[in-house]
Amino acid sequence: MAAGDDLKLLGAWPSPFVVRVKLALSFKGLSFENVEEDLGNKSELLVSSNPVHKKVPVLLHNGKPICESMVIVQYIDEAFTGTGPSLLSSDPHERAIARFWAAYVDDKLVTSWVQSFRGKTEEDKSEGTKQMFAALQTLEGALRECSKGEGYFGGESVGLVDVSLGGLLSWLNATEEMSGTKIFDPVKTPLLAAWAERFSELDGAKLALPDKDRMVEFIQKRQAQAAAAAAASQK
Amino acid sequence: MAGEGDLKLLGLLVSPFVVRVRMALHMKGVSYEYIEQDVIDKGELLLKYNPVYKKVPVLIHNGVPLCESQIIVQYIDEVWPGTNGSSILPADPYDRATARFWAAYVDDKLFPAWLGILKAKTQEERAEKVKETLAVVELLEAALAQCSNGKPFFAGDSIGFLDLVVGCNLLWFEALRRLFGVTFVAAGKTPLLAAWAERFGGTEAAREVVPDADKAVEFAKKLMASLCSAPVANAS
């Protein structure tokens, strides 16, 4: 890292989008100041750094803000090309494929999994779950294609898609524990199941991924709050 | 042109996503075979080359498909860097991040809002979507001020990534004006965008690629009719 490179991350520890940025920083070996935001009482810095969305993560590099997790991850890769491994191949076709699947994780997996939690009706929720498993099946195929027999979407080492999906791991593992249903099923999606284990063991991942038990506690608290709010609004 | 290989583009002439890819190809002076698709009644080719989303545009380069317009434009920029003197994405990582941020905003917020005007089932719903679209346009006026820094385009002296991403929606703003009488970019409310829109329309790439708004009007009527008759998957 060049002298005078100041990196500050405005985040919230449970957010999978924040975790993605921490993963990228971690894999690149970049040190940064972690600022934990209270999302119920957002800081002046957060609001002024991300006036459009007022969301985390926001990365401040020498005071200049970058927003949106995958934009930030690509920025980290491009601004620090000399530091640590590259998260994207130099080949334009491989880059396009990686960007496609990284975006797919947001468009299909995140969306459906959120619906499985927050769907307004039981029907909505189970539709979300169904679509989530369909997306995982598609990602199994993507992993087979992208890994080319190696361990990661990025091939021999982690890349953009590993970071995009990796950010969700703690949430997905917590969901698995709470529902009793395997999400990375070794029978249905063997490559993904192996990938999840392998990824979690990486030093860089251990630094960035929130603890599963802490995640479970957090989700349970959130669900209780949502149930209480729903009950209160029905009175 | 040297190194071109075999290039095909599956598209819909009036699709803003296809327009931006065609403009990028034009900027690079790259030739390709264009194949118009029926997006309401999708054909074999589209389903084969974009099984995940079944949408246009799809760029097929030497038999290998690439999907998602922003990804395709970046690919084009990387395969033919600086060709024809044009670079689509800025060189500086921070400028690239800024362009990508706003590009994501446009596709996430602007497109669904104005598409919602077409798909609205009631007057109230339509009015709501118009309001939403206007709010996004207002924010883009500020983005233009920030990004252009006094220069003629989002990217500076000539069009770049964000110009393509925003600009491809302009023909639809005109189509919606003809259909519903709503104006989204006007010199009174968004002076920077209004001036930029004229300049954008005047570029060689836009003049070559962007279809007349009445083609979009024609497609809109077809789309609205199909939405009335039967439930249909995303047609875009």
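Throughout what follows, the structure given in this document is the object of discussion. Note that the coordinates shown come from a computational prediction; the quantities given were computed from them, not determined experimentally.

Analysis parameters
Residues numbered from 1 in each chain as written. Chains lettered and ligands numbered in written order. Predicted model: local features only at pLDDT ≥ 70, side-chain atom pairs only at ≥ 80, totals over all residues. Heavy atoms only, no water. Helix = DSSP H or I, 4+ residues; strand = E, 2+ residues; numbered from the N terminus. Rg over C-alpha atoms; globule rule 2.2 N^0.38 Å. Buried < 20%, exposed > 50% of the residue type's maximum accessible area, 1.4 Å probe, protein only. Areas by Shrake-Rupley, 256 points an atom, 1.4 Å probe, with all protein chains shown as cover. Lys, Arg positive; Asp, Glu negative; His and termini not counted. Charge placed at Lys NZ, Arg CZ, Asp CG, Glu CD. Salt bridge = Lys/Arg side-chain N within 4 Å of Asp/Glu carboxyl O. Patch = residues over 30% accessible without salt bridge, like charges linked within 9 Å, V, L, I, M, F, W, Y side chains within 5 Å. Core = buried A, V, L, I, M, F, W, Y, C linked by side-chain atoms within 4.5 Å. Contact = heavy atoms within 4.5 Å. Expected span 1.5 Å × (residues − 1). Pairing = 2+ DSSP bridges. Axes fitted to C-alpha atoms, helices over the stretch in contact; angles between N-to-C directions. Parallel < 35°, antiparallel > 145°, perpendicular 65-115°, else oblique. Nonpolar A, V, L, I, M, F, W, Y, C, P; charged D, E, K, R; others polar. Right-handed = clockwise from strand over helix to strand, strands pointing away. Buried area = accessible area lost by both parts, 1.4 Å probe. Polar contact = N/O pair within 3.5 Å; in protein donor to acceptor, adjacent residues only side chain to side chain.

## Section: the overall build of chain B
Point 1. Counting its secondary structure elements, chain B contains ten helices and four strands.
Point 2. Ordering the α and β elements of chain B from the N terminus gives β-α-β-α-β-β-α-α-α-α-α-α-α-α.
Point 3. In terms of overall size, chain B behaves like a compact globule, its C-alpha atoms giving a radius of gyration of 17 Å where 236 residues would be expected to give roughly 18 Å.
Point 4. Based on the C-alpha atoms only, the size of chain B along its principal axes is roughly 55 × 45 × 25 Å.
Point 5. Every one of the 236 residues in chain B was classed for burial, and the buried ones make up 52%.
Point 6. About 10400 Å² of surface is accessible on chain B, with carbon and sulfur atoms providing 53% of the total.
Point 7. Here chain B holds 25 positive side-chain charges and 29 negative ones, and the gap between their average locations is 3 Å.

## Structural notes on the pattern of salt bridges
All names here are of chain A.
Point 1. Under the criterion given, the structure shown has 22 salt bridges over all chains.
Point 2. Lys 8 is paired through a salt bridge with Glu 33; the nearest N and O atoms lie 3.9 Å apart. Of this pair, Lys 8 sits in strand β1 (residues 7-11) while Glu 33 sits in strand β2 (residues 33-36), and the two are 25 residues apart along the sequence.
Point 3. For Lys 8, a relative accessible area of 23% corresponds to the partly exposed category.
Point 4. Owing to a relative accessible area of 40%, Glu 33 belongs among the partly exposed residues under this scheme.

## Side note on a positive patch on the surface
Point 1. A cluster of like positive charges, contributed by Lys42(A), Lys54(A), Lys55(A) and Lys109(B), occupies part of the molecular surface.
Point 2. Among the secondary structure elements, Lys42(A) is positioned in the loop between β2 and α2 (44-49).

## Considerations on the nonpolar core
Point 1. Counting 153 residues, the largest nonpolar core has Trp195(A), Trp114(B), Trp172(B) and Trp196(B) as its most contacted members.
Point 2. Among the elements that take part in this core, helix α4 (residues 93-119) of chain B stands out by supplying 14 residues, more than any other.
Point 3. If we ignore the near neighbours within four places in the chain, the residues touching Trp195(A) are Leu143(A), Gly151(A), Tyr152(A), Phe153(A), Asp162(A), Leu165(A), Gly166(A) and Leu169(A).

## Description of helix α5 (residues 123-148) of chain B
Point 1. Along its 26 residues, α5(B) runs 37 Å from first to last C-alpha, staying within 8% of the 38 Å computed at 1.5 Å per residue.
Point 2. Among all positions in α5(B), only Arg126(B), Val130(B), Thr133(B), Val136(B), Val137(B), Leu140(B), Glu141(B), Ala143(B), Leu144(B) and Ser148(B) are buried.

## Remarks on the sheet that holds β2(A)
Residues and elements named next belong to chain A.
Point 1. The sheet built from four strands is open, its strands ordered β2-β1-β3-β4 with mixed pairing. Strand pairing shows two members of the sheet lacking a second neighbour, β2 and β4 (64-67), which therefore form its edges. Pairs of neighbouring strands in the sheet enclose a mean axial angle of 25 degrees, with direction left out of account.
Point 2. Note that β1 and strand β3 (residues 58-61) share four bridges and pair antiparallel. By the bridge assignment for β3, Leu 10 is matched with Val 58.
Point 3. Strands in contact with helix α1 (residues 16-28) are β1, β2 and β3; relative to β1, the strand with the most contacts, it is inclined by about 155 degrees.

## Some points on the packing of helix α7 (residues 169-179) of chain A against helix α10 (residues 212-234) of chain A
Residues and elements named next belong to chain A.
Point 1. Direction vectors running N to C along α7 and α10 enclose 70 degrees, while the axes themselves pass 9 Å from each other. With respect to α10, the element α7 is oriented roughly perpendicular. Contact residues: Ser 170, Trp 171, Asn 173, Ala 174, Glu 177 and Met 178 in α7; Lys 212, Asp 213, Met 215, Val 216, Phe 218, Ile 219, Gln 220 and Gln 223 in α10.
Point 2. Along the lines of polarity and charge, the residues of the contact of α7 with α10 split into seven nonpolar, four polar and three charged.

## Overview of the pairing of β1(A)
Residues and elements named next belong to chain A.
Point 1. In terms of residue burial, β1 counts as a mostly covered element, since four of its five residues are buried.
Point 2. For β1 and β2, the ladder comprises four bridges, and the chain directions are parallel. Bridge pairing in β2 places Leu 9 opposite Asn 34.
Point 3. Read as a crossover between parallel neighbours, the route from β1 over α1 to β2 is right-handed.

## Comments concerning the side chain of Glu176(A)
Point 1. Here Glu176(A) shows up in helix α7.
Point 2. Dropping the residues within four chain positions of it, Glu176(A) is found in contact with Thr181(A), Lys182(A), Ile183(A) and Phe184(A).

## Structural notes on the interface of chain B and chain A
Point 1. Across the boundary between the two partners, chain B contributes 21 residues, which contact 24 residues of chain A.
Point 2. Interface of chain B and chain A: buried area, both sides summed, is about 2100 Å²; carbon and sulfur atoms make up 71% of it.
Point 3. By the criterion of area lost to chain A, the three top residues of chain B are Tyr53(B), Tyr94(B) and Phe101(B), representing 30% of everything that side buries.
Point 4. In this assembly, chain B and chain A are joined by four salt bridges.
Point 5. Linking chain B with chain A are six residue pairs in polar contact (both at pLDDT 80 or more), by the criterion used here.
Point 6. Mapped onto the side of chain B that touches chain A, the elements with two or more residues apiece are β4 (64-67), α3 (69-79) and α4 of chain B.
Point 7. Looking at the side of chain B that touches chain A element by element, the count peaks at nine residues for α4(B).
Point 8. Here the side of chain B that touches chain A is composed, by residue class, of 15 nonpolar, one polar and five charged.

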